[in-house]
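Chain by chain, the residues run as shown.
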Amino acid sequence: MFGWNGSILNVDLSKKKWFAETFDADFASTYLGGRGFAVRILWDRLPLGTDGLSPRNLLIFATGPLTGFTLPNSGKLVVASKSPLTGGYGDGNIGTFAAIHMRKAGYDAVVIEGKADNPIFLVVKDKTVEFLDAADLWGLTTFEAEAKLRKSYGRASGIVSIGPGGENLVKFACVMSQEGRAGGRPGMGAVMGSKNLKALVIEGSGAIPAFNSQELREQGLAGYREILAKPDYAFWKRQGTLGTVEWANENSVLPTRNYQKGVFADADKIGGYAAEAIKVSNRGCPNCNMTCGNVVKDAEGREAELDYENIAMLGGNIDLGDMAKVSALNRVADEMSLDAISLGNVLGFAMEASEKGLIKEKIQWGNYGQAKSLSEDIAYRRGLGGILAEGVHAAAVKIGKGSADWAMHVKGLEISAYDCRTAPAMALAYATSPIGAHHKDAWVIGWEMQHDRFGYGAEKAAHVIEAQHMRGIFECLGVCRFPMVNLGLDREWYPKYLNLATGQQFTWDTLNLIAERVFNLMRAFWIRESRGKWSSEMDVPPARWFNEPLTSGALKGAKLDKTKYDGLLEDYYRQRGWNANGVPTPTTLEKLALSDVAKQLNP
Ligand code: SF4
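All values derive from a computational prediction rather than experimental measurement.

(A) Main features of the nonpolar core. Within the largest apolar cluster, 170 residues are counted, with the highest numbers of intra-cluster contacts made by Tyr 89 and Ile 378. Non-local contacts of Ile 378, meaning those with residues more than four positions away in its chain, are made with Val 170, Phe 172, Leu 338, Leu 343, Val 346, Leu 347, Gly 385, Leu 388 and Ala 389. If you look at the next biggest cluster of nonpolar residues, it comprises 30 residues, including Leu 13, Val 79, Ala 116 and Ile 202.

Given below as structure tokens:
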């Protein structure tokens, strides 16, 4: 087989045993890799109703068939699991040398189950696996742990780790690598912590099998050259995604004060130009020539790596208009392995709860010191931090008093950084995202600002579906979407690369079909786990966007219309081939070669 190693490393931490398992070409071309492999493995192997933090849960690191080749932005892997935060399918992608080393070690995925008796770290070196004592790593931040491991395993080794947030099972803890690369928002770091697994170190020395490696390399280099020639390249290198702050503010979609508003008076103080003023360097994922991580000097004099979502949520959403302080909160999140988006979300929720007198703690909007110490309390589950560590949905259930109406999440995953009162398609994208509210699975808001912005027409449902599939393809291929999505790299490079890697004949049509299959399987996973309790109410954004109009800015008074939203959701279901509850019909699943899944969902 070309393009894939055809091998998955299975590790049982309870038994300290491992074995390599092969898969065939049919599995590879049906699910492609990354998220596709992860969801199929979870569907097949995870016992129904397994708790997200149970030793039986599976923690999956999966690369794609383009990971590690010399071609644009190919240093990605997906980390996936049943989410302890949402109870559904959860994943995220990370750019890390671990992805490339995994492929060079001869594996396409590593599947970890069980729980070690004591904290350990796992070392995979080509065909050997070691279970090593992590007593002197446990309790360290991700920065400290990785630095210590690099002393033993070298600067170029692949390392992913968790900090205290993951160790203490914060439900939105993520997995970190290389001081700023984060992934697995729905609590994949907590799953790692629940297994007493501090870090995974991978070193591979082999070659990744390619059908035509020389041509693949030449075409890969041509792709890099095309990126360098893009007109927006220079500005991207200056600001990456950070320029989105000003754009979001101008369009009244910048989360402000826990989504009470879509306009932030101090947006210019946390935007792309404010970042440039304190910028130190660029950082990014391996095999990337458009590194989007803006490294700045933060308020504590340390380096912090920024992107739009984190800054919007730790800035405007908590009313903090100081770039250096926002950056310092971002650094705390990365050190602790807390997802920075969810952290900003729960901090905003706590500040609003304090303002309304629903909690005894006094936490003021925009108070950096209080936000920082509360972030640390979350990581260590101290006091109010212990409540917020369960995520905003659970915190609202605990606090009660109507707070569920302004707990900003979908299916339990905290909403990332776009206010959608004036963006119905983006609201639909959040509401139907396969991991809960996350922008990466359908960023349609840029398109929507240009296309009947306030409308609820069926073409919006169609565009959300198209975007969900397109983005899903990247989650399976093991490459970053930004060259195509943000700089306009010709999309035909991707099937070309895939065909040179595998020797097969993929097109965008065949890739879209795979993405649709994977999307439906993720949905089936959620529905199966709901054990008969699934309904279309799972696909509705937070009540605040329907009930409370924007209170400032050019679009003051605007809000979502529930009746029209329901009509848009119906269109979405119809176009997807799902029933009125949002369940894929047997016909749809059979069309996607998921007949076995159809039988389980419709026994
Ligand atoms: S563009 Fe950013 S996210 Fe994408 S590979 Fe490069 S550094 Fe990573």
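(B) Spatial organisation of the packing of aromatic side chains. The full count for this structure, using the stated rule, is 24 aromatic pairs. Look at Phe 349 and Trp 406: their rings are 5.1 Å apart centre to centre, the planes differ by 40°, and that puts the pair in the tilted class. Taken together, the residues span a long stretch of sequence, with Phe 349 in helix H13 (residues 340-355) and Trp 406 in the loop between helix H16 (392-399) and strand E16 (409-410) at a distance of 57 residues. With relative accessibility at 0%, the residue Phe 349 sits in the buried group. Accessibility expressed as a relative area gives 5% for Trp 406, which makes it buried. Pairwise contacts between aromatic rings join Phe 23, Phe 27, Tyr 31 and Phe 37 into one cluster.

(C) Representation of helix H7 (residues 213-228) in the model. Here H7 contains 16 residues, and its C-alpha end-to-end distance of 23 Å stays within 8% of the 22 Å for a straight helix at 1.5 Å per residue. All of the buried residues in H7 are Leu 216, Gln 219, Gly 220, Ala 222, Gly 223, Tyr 224 and Ile 227.

(D) The side chain of Thr 141, seen in detail. Counting through the fold element by element, Thr 141 comes out in the loop between strand E8 (128-133) and helix H4 (142-153). Excluding residues that lie within four positions of it along the chain, Thr 141 makes contacts with Gly 163, Pro 164 and Glu 335.

(E) Up close: the packing of helix H2 (residues 35-45) against helix H22 (residues 508-530). At a closest axis distance of 10 Å, the pairing of H2 and H22 adopts a crossing angle of 35°. The two elements H2 and H22 cross, and the hand of that crossing is left-handed. Of H22, the residues touching H2 (which contributes Arg 35, Gly 36, Val 39, Arg 40, Leu 42 and Trp 43) are Val 518, Leu 521, Met 522, Ala 524, Phe 525 and Arg 528. Residue composition of the contact of H2 with H22, by class: eight nonpolar, one polar and three charged.

(F) Examining the sheet that holds strand E13 (residues 279-283) more closely. What the three strands build is an open sheet, ordered E13-E14-E15; its pairing is antiparallel. Sheet topology places E13 and strand E15 (303-306) at the edges, where each strand pairs with a single neighbour. Taken over all neighbouring pairs, the strand axes of this sheet differ in orientation by 30° on average, direction set aside. Two elements, strand E14 (residues 293-297) and E15, share four bridges in a ladder whose sense is antiparallel. Note that in E15 the partner of Val 296 across the bridge is Ala 304.

(G) Here's a closer look at the pairing of strand E12 (residues 197-203). The buried fraction of E12 amounts to six of the seven residues, a majority that puts the element mostly inside the structure. Pairing of strand E7 (residues 120-125) with E12, which is carried by six bridges, proceeds in the parallel orientation. Its bridge partner lying in E12, Leu 122 is registered against Leu 200. In this sheet, E12 lies alongside strand E9 (residues 158-161) in antiparallel orientation, the contact comprising four bridges.

Here is what the cut-offs are and how they apply
Counting restarts for each chain: residues are numbered from 1 in the order of the written sequence. A pLDDT threshold of at least 70 governs which residues receive local features in this predicted model, and a stricter bar of 80 or more applies before side-chain atom pairs are shown or counted, although totals over entire chains, interfaces and linings include all residues. Water and hydrogen atoms play no part in the side-chain values, which are based on all heavy atoms of the structure. The criterion is simple. A nonpolar core is a set of buried Ala, Val, Leu, Ile, Met, Phe, Trp, Tyr and Cys residues joined through side-chain atoms within 4.5 Å. Exposure classes here rest on a 1.4 Å probe applied to the protein chains alone. A residue is buried below 20% of its type maximum, exposed above 50%, and partly exposed in between. Two residues qualify as a contact provided that any one of their heavy atoms is within 4.5 Å of a heavy atom in the partner residue. The rule is short: rings of Phe, Tyr and Trp, with Trp giving its six-membered ring, pair when the centres are within 6.5 Å, and they are stacked under 30 degrees, edge-to-face over 60, tilted in between. Numbered from the N terminus, helices here are DSSP runs of H or I no shorter than four residues, and strands are runs of E no shorter than two. Between the first and last residue of a helix there are one fewer steps than residues, each counted as 1.5 Å, and that sum is the expected span. Axis angles are defined between N-to-C directions and span 0 to 180 degrees, where every axis is a line fitted to C-alpha atoms and, for a helix, only to the segment in contact. Rotating anticlockwise by less than a right angle from the far helix to the near helix defines a left-handed crossing, while the corresponding clockwise rotation defines a right-handed one. Residue type decides the class: Asp, Glu, Lys and Arg count as charged, Ala, Val, Leu, Ile, Met, Phe, Trp, Tyr, Cys and Pro as nonpolar, and the leftover types, Gly among them, as polar. Criterion used throughout: strands pair if DSSP finds at least two bridges between them.

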